[in-house]
Amino acid sequence: MNIPRIAIALVCLLASNLSYAWADCKAHPKNEWMKEADARARLEKEGYKIKSFKTSGECYELYGFDKKGAQVEIYFDAKTMAVVKRAE
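A brief report on the enclosed structure follows.

### Focus: the sheet that holds strand β2 (residues 59–65)
What the four strands build is an open sheet, ordered β1-β2-β3-β4; its pairing is antiparallel. Since the sheet does not close on itself, it has two edges, and those belong to β1 (49–56) and β4 (83–87), each with one partner. Put simply, the sheet's adjacent strands are angled 20° from each other on average, direction ignored. Two elements, strand β3 (residues 71–77) and β4, share four bridges in a ladder whose sense is antiparallel. What sits directly across from Glu 73, in β4, is Ala 87. Lying over the sheet, helix α2 (residues 36–45) contacts β1, β2 and β3, oriented at roughly 145° with respect to β1.

As structure tokens, then:
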């Protein structure tokens, strides 16, 4: 049986959106967000080693390592940089 391509595309779209659906970041106007370069610099100063840093929904999302060398996935409020979700 052939699964329609639209169904496959829908499943892929939903799966790609699940990561930030679980991190409930407050929606702030984009002009209130900390600039991405400033956010990265702040996190590096705090000891994080950034492997990947991106916008995910209303959050900033970091994949990398904390100052102890533990692998982390952390979602931050894009305005305040408060941790919204952390997975290790």
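### Comments concerning the nonpolar core
Nonpolar side chains in soluble globular proteins tend to end up buried together. Formed by 14 residues in total, the largest nonpolar core has its most connected members in Leu 43, Phe 53, Tyr 60, Leu 62, Phe 76 and Met 81. Of all the secondary-structure elements, those providing two or more residues to this core are α2, β1, β2 and β3. Top contributing element to this core by residue count: β3, with three residues. Once residues within four sequence positions are removed from consideration, Leu 43 is found in contact with Tyr 48, Ile 50, Phe 53, Leu 62, Phe 76 and Met 81.

### Comments concerning the state of the cysteines
One pass over the structure, following the stated rule, counts one disulfide. Paired by a disulfide, Cys 25 and Cys 59 hold their sulfur atoms 1.7 Å apart. Handedness here is read from the sign of the S-S torsion; for Cys 25 and Cys 59, about 110°, the answer is right-handed. Here Cys 25 is found in the loop between α1 (5–21) and α2, whereas its partner Cys 59 is found in strand β2, with 34 residues between them in sequence. Accessibility assignment for this pair places Cys 25 and Cys 59 in one class, buried.

### Section: the side chain of Ser 56
Along the chain, Ser 56 falls in strand β1. At 3.2 Å, the side chain of Ser 56 forms a polar contact with the side chain of Glu 61.

### Some thoughts on the side chain of Asp 77
With respect to the helices and strands, Asp 77 occurs in strand β3. No salt bridge is formed by the buried Asp 77, whose closest oppositely charged neighbour, Lys 26, lies at an N-O distance of 7.0 Å. A distance of 3.0 Å separates a polar atom in the side chain of Asp 77 from a polar atom in the side chain of His 28.

Each value, and the rule that gives it
- Throughout, a residue's number is its position along its own chain's written sequence, starting from 1.
- Two thresholds apply to this predicted model, a pLDDT of at least 70 for residue-level local features and 80 or more for giving and counting side-chain atom pairs, whereas whole-chain, interface and lining totals are computed over all residues.
- Derived side-chain values reflect all non-hydrogen atoms in the structure, with water molecules and hydrogen atoms excluded from consideration.
- Between any two strands, at least two bridges found by DSSP are needed for them to pair.
- For the purposes of this entry, the term helix denotes a DSSP run of H or I that reaches at least four residues, the term strand denotes a run of E that reaches at least two, and both are numbered from the N terminus.
- Interaxial angles span 0 to 180 degrees and are taken between N-to-C directions of axes, which are lines fitted to C-alpha atoms, for helices over the stretch in contact.
- A contact between two residues is defined here by any heavy atoms of the two lying within 4.5 Å.
- Take the buried residues of types Ala, Val, Leu, Ile, Met, Phe, Trp, Tyr and Cys, join any two whose side-chain atoms come within 4.5 Å, and each joined set is a nonpolar core.
- Whether a residue is buried, partly exposed or exposed follows from its accessible area with a 1.4 Å probe, protein chains only, as a fraction of its type maximum: under 20%, in between, or over 50%, in that order.
- Two cysteine sulfurs form a disulfide in these notes if their separation is within 2.5 Å.
- N or O atoms within 3.5 Å of each other form a polar contact, as long as, within protein, one can give a hydrogen and the other can take it, and as long as residues adjacent in sequence are counted only when both atoms are side-chain atoms.
- In this tally, Asp and Glu contribute negative charge and Lys and Arg positive charge; neither His nor the terminal groups of the chain are included.
- For salt bridges, the criterion is a side-chain nitrogen of Lys or Arg within 4 Å of an Asp or Glu carboxyl oxygen.

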